[in-house]
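Below, each chain spelled out in residue letters.
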Amino acid sequence: MAAFLDRLGRLAFRHRWRFLAVWVVALVAAGMASALAPAAPDASYSMPGTESQRAFDLIEERFPAGSTGSAASEGASAKLVFVAPEGQKVTDRANRPAVTEVVGKVGGLDQVVRAADPYGTDAVSRDGSTAYASVTFEVKAKDVDDAVKQDLEQAVDEGRDAGLTVEVGGSVLATQPSGGATELVGVVVAAMVLLITFSSLAAAGLPLLTALIGVGIGAATIMALSSALGLSSATSTLAMMLGLAVGIDYAMFIVSRYREERARGLAPQDAAGVAVGTAGSSVVFAGLTVVIGLAGLSVVGIPTLTQMGLAAAGTVALSVLVAVTLVPALLGIFPRASLARSQRRPARGGARSGAVEGKANLGSRWARLVVRRPLLVLLAGVAALGVIALPAAQLHLGTAGDGSKPTSATERRAYDALADGFGPGFNGPLTIVVDAKSAQDPKSAVEASARVISAVGGVVSISDARYNTAGDTAIFSVAPATDPQDERTSELIHTLRDGRPTIEKTTGATFMVSGSTAGNIDSDQKVQGALVPYLGLVVGLAFLLLLIVFRSVLVPLKAALGFLLSVLAALGAVVAVFQWGWLAGLLGVHQTGPIMNTMPIVMVGIVFGLAMDYQVFLVTRIREAHLKGERPGQAIVSGFNHSARVVAAAAVIMISVFSGFIGVSEPMIKMIGFGLATAVLFDALVVRMTIVPAVLALLGERAWTMPRWLERIAPRVDVEGQALTRDTNPAAATPGEAERPSLPVH
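What counts and what doesn't
Residues numbered from 1 in each chain as written. Predicted model: local features only at pLDDT ≥ 70, side-chain atom pairs only at ≥ 80, totals over all residues. Heavy atoms only, no water. Helix = DSSP H or I, 4+ residues; strand = E, 2+ residues; numbered from the N terminus. Expected span 1.5 Å × (residues − 1). Bend = angle between axes of the 7 residues up to and from the residue. Buried < 20%, exposed > 50% of the residue type's maximum accessible area, 1.4 Å probe, protein only. Arc of directions from axis to C-beta. Polar contact = N/O pair within 3.5 Å; in protein donor to acceptor, adjacent residues only side chain to side chain. Pairing = 2+ DSSP bridges. Axes fitted to C-alpha atoms, helices over the stretch in contact; angles between N-to-C directions. Parallel < 35°, antiparallel > 145°, perpendicular 65-115°, else oblique. Left-handed = near helix turned anticlockwise from the far one by under 90°. Contact = heavy atoms within 4.5 Å. Nonpolar A, V, L, I, M, F, W, Y, C, P; charged D, E, K, R; others polar. Phe/Tyr/Trp six-rings, centres within 6.5 Å; stacked < 30°, edge-to-face > 60°. Lys NZ or Arg CZ within 6 Å of the ring centre and 35° of its normal.

A.B. asks: So what exactly am I meant to see when it comes to helix H10 (residues 303–333) here?
C.D. replies: Residues lying three or four places apart along an α-helix face the same way, a consequence of the helix completing one turn every 3.6 residues. Under the 1.5 Å per step criterion, the end-to-end length of H10 is 44 Å for 31 residues, consistent within 8% with the ideal 45 Å. Helix geometry: H10 is bent most strongly at Ala323, by close to 35°. With respect to burial, H10 is a largely interior element, 24 of its 31 residues being buried.

A.B. asks: Before we go on, may I ask you to explain helix H13 (residues 362–372) in this structure?
C.D. replies: The set of residues buried in H13 consists of Gly363, Ser364, Ala367 and Val370. Here the buried residues of H13 occupy an arc of 120° about the axis, which is enough to place them on one side. Opposite the buried face of H13, at more than 90 degrees from it, the exposed residues are Leu362 and Arg372. Measuring from the side-chain oxygen of the N-cap residue of H13 to the backbone nitrogen of Gly363 gives 3.1 Å; that N-cap residue is Asn361.

A.B. asks: Even after reading the chapter, I still don't get the pairing of strand E9 (residues 473–480), so can you show me in this structure?
C.D. replies: Of all eight residues in E9, seven are buried, a share of seventy percent or more. Summarising the sheet, strand E6 (residues 430–435) and E9 pair through six bridges and their orientation is antiparallel. When the sheet's bridge partners are listed, Val433 is paired in E9 with Ile475. Of the strand pairs in this sheet, strand E7 (residues 459–462) and E9 are connected by three bridges, and their pairing is antiparallel. Bridge pairing in E9 links Val459 to Pro480. Judged from the two bridges that link them, strand E8 (residues 466–467) and E9 form a sheet pairing that is antiparallel. From the neighbouring strand, Arg466 faces E9, where its bridge partner is Ile475. Taking the residues between adjacent antiparallel strands as the criterion, E8 and E9 are bridged by five residues, where Gly471 takes a positive phi near 75°.

A.B. asks: So what exactly am I meant to see when it comes to the packing of helix H1 (residues 2–14) against helix H9 (residues 268–295) here?
C.D. replies: A pair of packed helices can be characterised by two numbers: the angle between their axes and the separation between those axes. One way to put it is that H1 packs onto H9 with a least axis distance of 7 Å and a crossing angle of 130°. The pairing of H1 with H9 is recorded here as oblique in orientation. For the element pair H1 and H9, the recorded crossing hand is right-handed. Every residue of H9 that contacts H1 at Ala2, Leu5, Asp6, Gly9, Arg10, Phe13 and Arg14 is listed here: Pro268, Gln269, Asp270, Ala272, Gly273, Val274, Val276, Gly277, Gly280, Ser281 and Val284. Classifying every residue of the contact of H1 with H9 gives eight nonpolar, six polar and four charged.

A.B. asks: How should I be thinking about unusual backbone geometry in this particular structure?
C.D. replies: Glycine aside, a negative phi is what most residues show, and trans is what most peptide bonds show. In the Ramachandran plot, Asp122 falls in the positive-phi region, its phi being about 55° despite a non-glycine side chain. Phi is positive for Ser199, close to 55°, though the residue is something other than glycine. With respect to the element layout, Ser199 can be found in the loop between helix H6 (180–198) and helix H7 (201–229).

A.B. asks: Can you help me understand the side chain of Ser338 in this one?
C.D. replies: Mapped onto the elements, Ser338 comes out in the loop between H10 and helix H11 (341–349). Residues in contact with Ser338, not counting those within four places in the same chain, are Ser200, Ala202, Ala203, Tyr258, Arg259 and Leu331.

A.B. asks: Teacher, can you tell me more about the packing of aromatic side chains here?
C.D. replies: Aromatic rings in a pair are described by how distant their centres are and how their planes are angled relative to each other. The final tally for this structure, using the stated rule, is seven aromatic pairs. Ring geometry for Tyr132 against Phe422: centres 5.3 Å apart, planes inclined by 75°, an arrangement best described as edge-to-face. Of the two residues, Tyr132 sits in strand E3 (residues 130–137) while Phe422 sits in helix H15 (residues 410–422), which places them 290 residues apart along the sequence. A relative accessible area of 15% means that Tyr132 is categorised as buried. Look at Phe253 and Phe617: their rings are 3.7 Å apart centre to centre, the planes differ by 20°, and that puts the pair in the stacked class. A residue pair is termed long-range when its members are at least 10 positions apart, and Phe253 in helix H8 (residues 235–263) and Phe617 in helix H21 (residues 599–627) qualify at 364 residues. Considered together, Phe253 and Phe617 belong to a single accessibility category, that of buried residues. Here the aromatic residues Tyr132, Phe422 and Phe426 are joined through ring pairs into a cluster of three or more. The ring of Tyr119 carries Arg96 above its face, with NZ or CZ at 4.1 Å from the centroid. The ring of Phe511 has Arg500 sitting right over it, with the charged end atom 5.7 Å from the ring centre.

Below you can see the structure in the form of structure tokens.
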């Protein structure tokens, strides 16, 4: 591996302009393809294998699109919620005209198909305090004109001027958060960290440039294929985020090793070859672990997660290829400018061989402290993360809706008003789909099913059944007594499903429970059921990969256990903030509630790959020093001396990129940003920089051994660059490898 990558690095260094041209052409071609490709489809969410999804599919089959009661209606919808002043009713003579006038104005707006009169559709609460009007649009929410939204808001304001409380539920007035500003913040912080780390504009700009090229090609390719493969526009978000983060990190490690080899006295081309052969080998295997973690999301069985995982995995693989080819090519263009100013003159003179090894830094001093007190450091690190992980035991999964938005949003106020007027379960009705195709009398079978369901405890009301054209399928709504996020609502759904055999036996018809509430609960259970198999798959594959890389059993085992510890700590922090409300005000969290059901498994996949990144980069340098004859304790110090600063800088870049999303108004995006930032913080700076050296110090020589039978069958890969026996004396460099003048960098 190292020898092959060494040759590749030298080839890219010699033919620098050709390699650069190839990547530029690839970027232009991908950009043109994305520009000419059809637009990406709207985001869709399906949950194959669940009852709620089967019910939805049956509705799609039996009811024409857009028909009454069909879930396939393409237009956006909203609810105008009217609340009378205290002590009054919306049916009072003073309030009724105002409600009717607002509904009439909204019904006459462009793009509005219908605004139902609440007085004619039984949409008034029993106490008369609240009423709602269902509004149907002919276009989707994202296609509603701004002028229509303004007219809608003006009609609402007129209702408020009449003394009523008027709020608008649904997504029509919702604003979608933009991620461009947060990505820019991450890039700016990354540039600052790189500049501080390398003290060179060229060295700092090179990782940014290569990462942007890799992400640009990946994102454009995803956009070009989105229509053909049915990828939603949201699929590229994760790919761009991770591609940018790992692309910067991978290039930074190779540039750092190049500068190190130059400081030891190697000629530019030799240094580029060694950098790609050693650090590049670590990049390849680190990238493989990220790809495993992301591609493994396909085993969950959720199409959206599969798309996101595979797209992000492809972008990460592209980032690896860019790092081992384009980075050495750019180093060939800027062989001297990529060095720190203090290194350029000594590097030209050919001295300073071994200077790097002899100079201690903060990383080596920290490693010496850990090696002296490994057991104390290990217990302190594990105890700290263990305490932070405790809230994860109370993790409650769910799906965000209008109820999780801040009270400053009209959607949240409409949600609360409907719950107060019609009961908590009104915001999460269950959809019952009765398939009476096999019944002798379909209508009687549907009516009997409705009577049995209405008698179940926890059911407040049931709507009239709506039949399809053939009259053999019906749907009706059931209003639970509890909130959609209440555990009792989940219990009601299971009770209804458990009682299905009795109804089937007596009526000859069957039914399924669906709707958004049932779908969310089914989604929660499917994700929870897939989490353990997913962990087993990715951790098992990564264990085998790291076993081959480090030729050790204990080092991969330690890596896997450390990863689990950091993930649990991050989940504990997420639960404490977003579910319990700790520090919620400081982070701008206005409403606590359940954790997004797909968030934990996505976080596991991302953090797993990033954790293995730091594991490979850090432990590879330790093993390299050990293979050169250093004792285990001294090898730890040497490995930290060479890699701790760069690993810490890479972690800071990751944390900065993810932290930018904490400031977004959308609760779910805020949650993901916080979870990933804390996970990287715990894993890179606590697990890898503290617990890992402590465990290696305690294990000693045992860390680098494996059973003889396993030693014989395990493939051999040279990640540390033992096969690279190039002469490190710059005087030995051939004329073809002589340094070319670099462009001036200021």
